[in-house]
Amino acid sequence: MSDMRIDVVTIFPEYLEPLNVSLVGKARARGQLDVHLHDLRSWTTDIHRTVDDTPYGGGPGMVMKPEPWGAALDAVLAAGPEGEVPTLVVPTPSGRRFTQDLAQDLAARPWLAFAPARYEGIDRRVIEEAATRMPVVEASIGDYVLAGGEVAVLVMVEAIARLLPGVLGNAESHRDDSFAPGAMADLLEGPVYTKPAEWRGREVPEILLSGHHGKIAQWRREQAFARTHANRPDLVARWQRESFTKKEREALSVLGLAWDEAEGRFRSVAEPVEE
Ligand code: 6GU
């Protein structure tokens with residue numbers, strides 16, 4: 001038995017060819033991941049294999065018809081283990097944010113089915129009817145609009161697959177990831193270096209060559225603070241005072257970040273207090 005079954009229903013199965021490559025491809029080859037691609041058009045019944053139609057109420061673009069999706073989801077359900085249902089993941093810019101937390105939640109489920117749409121989306125009744133039969137998660141990979149959900153499926157499957165036990169070589173590989181629960185929650189990973197120790201006149205930070213594991217860990221954490229401060233003020237706004245040691249708060253103050261008791265958040269000391 002594989003660790004996870006994944007079904008994808010799409011009008012562009014060839015868009016998902018990258019699932020044969022690299023980490024996900026290897027997980028499939030090792031039998032840890034069982035991926036089934038389905039062409040939505042195989043559940044159409046007309047000569048033109050139509051999957052879309054004009055929107056009720058008017059407006060631009062086309063909407064995916066419910067009948068092919070209904071038949072496709074019926075077939076996916078019937079193809080899996082008796083009595084089990086998949087979690088249906090519907091990629092859409094209108095969905096909840098696809099985060100590391102959601103990736104972790106989905107990685108714990110034995111069976112996922114993805115329903116990426118093209119055009120303006122799928123007739124709403126498909127999602128509602130599916131939700132009476134299986135868990136449904138509508139998820140967006142970011143605040144921008146893609147031409148279709150297939151690339152979002154690639155993003156989500158890769159983020160999920162690397163969390164499956166035994167897919168990444170090292171069981172500790174996830175621990176220091178940006179966004180990893182625990183010490184890295186709401187933190188971005190800092191910079192990394194490899195040999196040679198000097199390259200084009202640029203030296204690797206000396207601390208990394210010191211062999212002082214404790215000091216290295218502290219330095220990496222401070223680098224993570226600096227990166228997060230520079231790139232993601234929204235994450236800094238979530239930090240709690242209690243998550244940091246006294247020494248770490250000193251490092252934060254060097255970055256110009258101080259705990260503001262009244263506001264209940266870390267604030268740039270340069271930043272004016274709002275009236
Ligand atoms: Cl999941 N789908 C599409 N079409 N656009 C998106 C998206 C998904 N996430 C962000 N933009």
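As the structure is a prediction and not an experimental result, all values here were calculated from the model. (Residues numbered from 1 in each chain as written. Predicted model: local features only at pLDDT ≥ 70, side-chain atom pairs only at ≥ 80, totals over all residues.)

1. Observations regarding the overall build of the protein chain
Thinking step 1. Broken down by element type, the protein chain carries 8 helices and 11 strands.
Thinking step 2. Along the longest, intermediate and shortest principal axes, the C-alpha atoms of the protein chain span 70 × 55 × 40 Å.
Thinking step 3. Relative to its 275 residues, the protein chain shows a buried fraction of 23%.
Thinking step 4. The contacts in the protein chain between residues at least 6 apart in sequence include a share of 71% that link residues at least 24 apart. (Helix = DSSP H or I, 4+ residues; strand = E, 2+ residues; numbered from the N terminus. Buried ≥ 20, exposed ≤ 12 C-beta atoms within 10 Å, placed from the backbone. Contact = placed C-beta atoms within 7 Å.)

2. With respect to the site of the ligand
Thinking step 1. Neighbouring the ligand are the residues Pro91, Thr92, Pro93, Ser140, Ile141, Gly142, Tyr144, Val145, Leu146, Gly148, Gly149 and Ala152.
Thinking step 2. Counting residues per element, the shell around the ligand draws most heavily on strand 5 (residues 87-97), which supplies 3 residues.
Thinking step 3. When its residues are assigned to classes, the shell around the ligand shows 7 nonpolar, 5 polar and no charged. (Near = placed C-beta within 6 Å. Nonpolar A, V, L, I, M, F, W, Y, C, P; charged D, E, K, R; others polar.)

3. Some thoughts on the domain arrangement of the protein chain
Thinking step 1. When cut into domains, the protein chain gives domain 1 (4-161) and domain 2 (198-268).
Thinking step 2. Once you take the C-alpha centre of each, domain 1 and domain 2 turn out to be 39 Å apart. (Domains from an automatic or database assignment.)

4. Here we look at the packing of helix 2 (residues 66-79) against helix 4 (residues 124-131)
Thinking step 1. In the contact formed by helix 2 and helix 4, the axes pass within 9 Å of each other and the chain directions differ by 25°. As the angle between them shows, helix 2 and helix 4 are arranged roughly parallel. Judged by the twist between their axes, the crossing of helix 2 over helix 4 is right-handed. Contacts between helix 2 and helix 4 involve Pro66, Trp69, Gly70 and Leu73 from the former and Arg125, Val126, Glu129 and Ala130 from the latter. (Axes fitted to C-alpha atoms, helices over the stretch in contact; angles between N-to-C directions. Parallel < 35°, antiparallel > 145°, perpendicular 65-115°, else oblique. Left-handed = near helix turned anticlockwise from the far one by under 90°.)

5. So, the UniProt feature "binding site: S-adenosyl-L-methionine" (unreviewed entry) in the protein chain
Thinking step 1. Following the UniProt record, one finds the feature "binding site: S-adenosyl-L-methionine" (unreviewed entry) at Ile141, Gly142, Asp143, Tyr144, Val145 and Leu146.
Thinking step 2. One can find tyrosine 144 in the loop between strand 7 (136-140) and helix 5 (150-161).
Thinking step 3. Accessibility expressed as a C-beta count within 10 Å gives 7 for tyrosine 144, which makes it exposed.
Thinking step 4. Along the polypeptide, leucine 146 turns up in the loop between strand 7 and helix 5. (UniProt positions renumbered as here; feature names shortened; annotations may be inferred.)

6. Observations regarding the sheet that holds strand 1 (residues 4-10)
The strands making up a sheet associate through hydrogen bonds between their backbones, and the pairing can be parallel or antiparallel.
Thinking step 1. An order of 2-1-6-5-7 is seen for the 5 strands of this open sheet, with the pairing classed as parallel. Looking along the sheet, the strands with just one partner apiece sit at the ends: strand 2 (33-39) and strand 7. Direction aside, the axes of adjacent strands within the sheet are offset by 30° on average.
Thinking step 2. The pairing of strand 1 with strand 2 spans 7 bridges and is classified as parallel. Bridge assignment links methionine 4 to a residue of strand 2, and that residue is leucine 33. (Pairing = 2+ DSSP bridges.)

7. Remarks on the environment of aspartate 123
Thinking step 1. When you line up the elements, aspartate 123 lands in the loop between strand 6 (111-114) and helix 4.
Thinking step 2. For aspartate 123, a count of 20 C-beta atoms within 10 Å gives the class buried.
Thinking step 3. C-alpha separation for the pair aspartate 123 and phenylalanine 266, spaced 143 residues apart in sequence, amounts to 44 Å.

8. Comments concerning unusual backbone geometry
Thinking step 1. In this structure, the amide linkage connecting lysine 195 to the following residue, proline 196, adopts the cis form with an omega of 5°.
Thinking step 2. Phi at arginine 49 is positive, roughly 55°, even though this residue is not glycine.
Thinking step 3. Summarising the element assignment, arginine 49 is placed in the loop between strand 2 and strand 3 (52-53).
Thinking step 4. Taking the C-beta count within 10 Å as the criterion, arginine 49 has 14 such neighbours and is therefore assigned partly exposed.
Thinking step 5. Its identity is not glycine, yet arginine 200 carries a phi of approximately 50°, on the positive side.
Thinking step 6. Here arginine 200 is to be found in the loop between strand 8 (198-199) and strand 9 (202-203).
Thinking step 7. For arginine 200, a count of 5 C-beta atoms within 10 Å translates into the label exposed.

9. Brief notes about the nonpolar core
Thinking step 1. If you look at the biggest cluster of nonpolar residues, it comprises 42 residues, and the most contacted ones within it are Val89, Ala115, Val153, Met156 and Val157.
Thinking step 2. Sequence-distant contacts of alanine 115, defined by excluding residues within four places in its chain, comprise Val9, Trp69, Leu88, Val90 and Ile122.
Thinking step 3. Counting residues in each nonpolar core, the second largest holds 6 residues, with Phe225, Val236, Leu252 and Phe266 among its members. (Core = buried A, V, L, I, M, F, W, Y, C linked by C-beta atoms within 7 Å.)

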